[in-house]
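# Results of the structural survey
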Amino acid sequence: MPSIKVKGMTCNHCKTSVTEAVSKIPGVDSVDVDLQKGEASWTEKAPVDIKAIRAAITNIGFDVPE
């Protein structure tokens, strides 16, 4: 399951926002966001470009370190 670090998440609203943003990307099957780890992971039904994941998360106001 691929994953990415996400900075700035502090609450369940943050978790929901990141989950919804990543879920909208074509090819993403399911999303799991872990607030304690500061990480989002997902399963793919088709290949997904990590740049699309990074863009979806930064577009809603969170930081994704390289």
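Structure's up top.
This write-up is about the structure you can find in this document. Keep in mind that this is a model prediction, so the values were computed, not measured. (Residues numbered from 1 in each chain as written. Predicted model: local features only at pLDDT ≥ 70, side-chain atom pairs only at ≥ 80, totals over all residues. Heavy atoms only, no water.)

Each helix and strand in the protein chain was counted, giving two helices and three strands. Each helix (α) and strand (β) of the protein chain, taken in turn from the N terminus, gives the series β-α-β-β-α. A compact globule built from 66 residues would reach a C-alpha radius of gyration of about 11 Å, and the protein chain, at 10 Å, matches this within 12%. Viewed in the frame of its principal axes, the protein chain has a C-alpha envelope of about 30 × 20 × 15 Å. Buried residues in the protein chain amount to 35% of all 66 residues. (Helix = DSSP H or I, 4+ residues; strand = E, 2+ residues; numbered from the N terminus. Rg over C-alpha atoms; globule rule 2.2 N^0.38 Å. Buried < 20%, exposed > 50% of the residue type's maximum accessible area, 1.4 Å probe, protein only.)

Here we take up the sheet that holds strand β1 (residues 3-5). Judged by pairing direction, the sheet is antiparallel, and its three strands sit side by side in the order β1-β3-β2 without closing on themselves. Pairing within the sheet leaves two strands with one partner each, and these edge strands are β1 and β2 (28-34). Going from strand to strand, the sheet's axes swing by 20° on average, the running direction of each strand aside. For β1 and strand β3 (residues 39-44), the ladder comprises three bridges, and the chain directions are antiparallel. (Pairing = 2+ DSSP bridges. Axes fitted to C-alpha atoms, helices over the stretch in contact; angles between N-to-C directions.)

This brings us to the pattern of salt bridges. Once their charged atoms are close, side chains differing in charge can pair, the charge on each being opposite to the other. Counted by the stated rule, this structure contains two salt bridges. Between E39 and K5 there is a salt bridge; the shortest N-O distance is 3.6 Å. Pair noted here: E39 is in strand β3 and K5 is in strand β1, with a separation of 34 residues, a long-range link. Residue class for K5 comes out partly exposed when judged on its relative accessible area of 43%. Note that R54 and E66 form a salt bridge whose closest N and O atoms lie 3.9 Å from each other. (Salt bridge = Lys/Arg side-chain N within 4 Å of Asp/Glu carboxyl O.)

Bringing the pairing of β2 into the picture now. Pairing of β2 with β3, which is carried by six bridges, proceeds in the antiparallel orientation. Paired with V28 across the bridge in β3 is E44. Between β2 and β3, which pair antiparallel and follow one another directly, the connecting turn spans four residues, one of which, G38, has a positive phi of 65°.

Don't take any of this as a statement about function, it's just geometry.
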